Amino acid sequence: ELKVEQNPLFLSMQEGKNYTIYCNYSTTSDRLYWYRQDPGKSLESLFVLLSNGAVKQEGRLMASLDTKARLSTLHITAAVHDLSATYFCAVDPNRDDKIIFGKGTRLHILP
Amino acid sequence: GAVVSQHPSWVICKSGTSVKIECRSLDFQATTMFWYRQFPKQSLMLMATSNEGSKATYEQGVEKDKFLINHASLTLSTLTVTSAHPEDSSFYICSAADITRGDTQYFGPGTRLTVL
């Protein structure tokens, strides 16, 4: 059974600090997604990572993928309150658009 | 970017009634759409794959007679929760991929179903 595990599940941190969220998955997948969800809202696509070693950055967020280690990271630089949300990683191991989600990391950034 | 809409955004109904939720791709065609459900503070769980012109495929543990899916056109999929009960209360989200725009899944805004 495919497992997608995120760590940590909950994170409270001060503004201005850096932190990394980890996403491990248990089977081969060369598609890795990161999404953001605000309370009561749907998902916003942040990054699509399609190859080993892929690194993408958008503002204070940077995502990377190591397909050999089955690991993706989402790094937050100099966090600001607006980044408070739940972040999901997800994989599409069979390339059939059936996306399997991790449990999510609830990020709370204190002003 | 591509837009996926859902209707309604929130519905409250009595136990035993059926509720239909629509998912539309507004500026692209989607031969395949996906339905997810999300319980409070939990992740999204894939329920079924909606296929235009053919039967939906359901994930293990999802009752196909309970959750009827119809993909009548390339821009519309509907999910009907039949004889809804309080345990069906959840956030239902659909998604679709626009193959002309790469590998990104676009998610609808979600429909919050509350069954009394």
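Now for a quick tour of the structure. Worth saying up front: this structure is predicted, and the values here are computed from it rather than measured.

Points about the sheet that holds strand S6 (residues 55-58) of chain A
Residue and element names in this part refer to chain A.
So, step 1. On the basis of which strands lie adjacent, the open sheet formed by five strands has the order S1-S3-S8-S7-S6 and antiparallel pairing. Strands at the two margins of the open sheet, each flanked by one partner only, are strand S1 (4-7) and S6. On average, adjacent strands in this sheet sit at an angle of 15° to one another, irrespective of strand direction.
So, step 2. With six bridges joining them, strand S7 (residues 61-66) and strand S8 (residues 71-76) adopt antiparallel strand pairing. Bridging across to S8, Asp66 finds its partner in Leu71.

So, the interface of chain B and chain A
Accessible area lost during the coming together of the parts is what is often quoted as the interface size.
So, step 1. Opposite the 21 residues of chain B that make contact, chain A presents 20 residues.
So, step 2. Interface area for chain B against chain A, summed over the two sides, is near 1,500 Å², with a carbon-plus-sulfur share of 55%.
So, step 3. Taken together, chain B and chain A are joined by one salt bridge.
So, step 4. When the shortest N-O distance is used, the salt bridge between Glu59(B) and Lys98(A) registers 2.9 Å.
So, step 5. Taken together, the connections running from chain B to chain A amount to five residue pairs in polar contact (both at pLDDT 80 or more).

Things to note about the state of the cysteines
Linking two cysteines covalently via their sulfur atoms produces the bond known as a disulfide.
All names here are of chain A.
So, step 1. For the coordinates displayed, the defined rule picks out two disulfides over all chains.
So, step 2. A sulfur-sulfur distance of 2.0 Å marks the disulfide that ties Cys23 to Cys89. The sign of the 80° torsion about the S-S bond sets the Cys23-Cys89 disulfide as right-handed. Separated by 66 residues along the polypeptide, Cys23 in strand S3 (residues 19-25) and Cys89 in strand S9 (residues 85-91) bring together distant segments of the chain.
So, step 3. On the basis of relative accessibility, which here comes to 0%, the residue Cys23 falls in the buried class.

Parameters at a glance
- Residues numbered from 1 in each chain as written.
- Chains lettered and ligands numbered in written order.
- Predicted model: local features only at pLDDT ≥ 70, side-chain atom pairs only at ≥ 80, totals over all residues.
- Heavy atoms only, no water.
- Pairing = 2+ DSSP bridges.
- Helix = DSSP H or I, 4+ residues; strand = E, 2+ residues; numbered from the N terminus.
- Axes fitted to C-alpha atoms, helices over the stretch in contact; angles between N-to-C directions.
- Contact = heavy atoms within 4.5 Å.
- Buried area = accessible area lost by both parts, 1.4 Å probe.
- Salt bridge = Lys/Arg side-chain N within 4 Å of Asp/Glu carboxyl O.
- Polar contact = N/O pair within 3.5 Å; in protein donor to acceptor, adjacent residues only side chain to side chain.
- Disulfide = S-S within 2.5 Å.
- Buried < 20%, exposed > 50% of the residue type's maximum accessible area, 1.4 Å probe, protein only.

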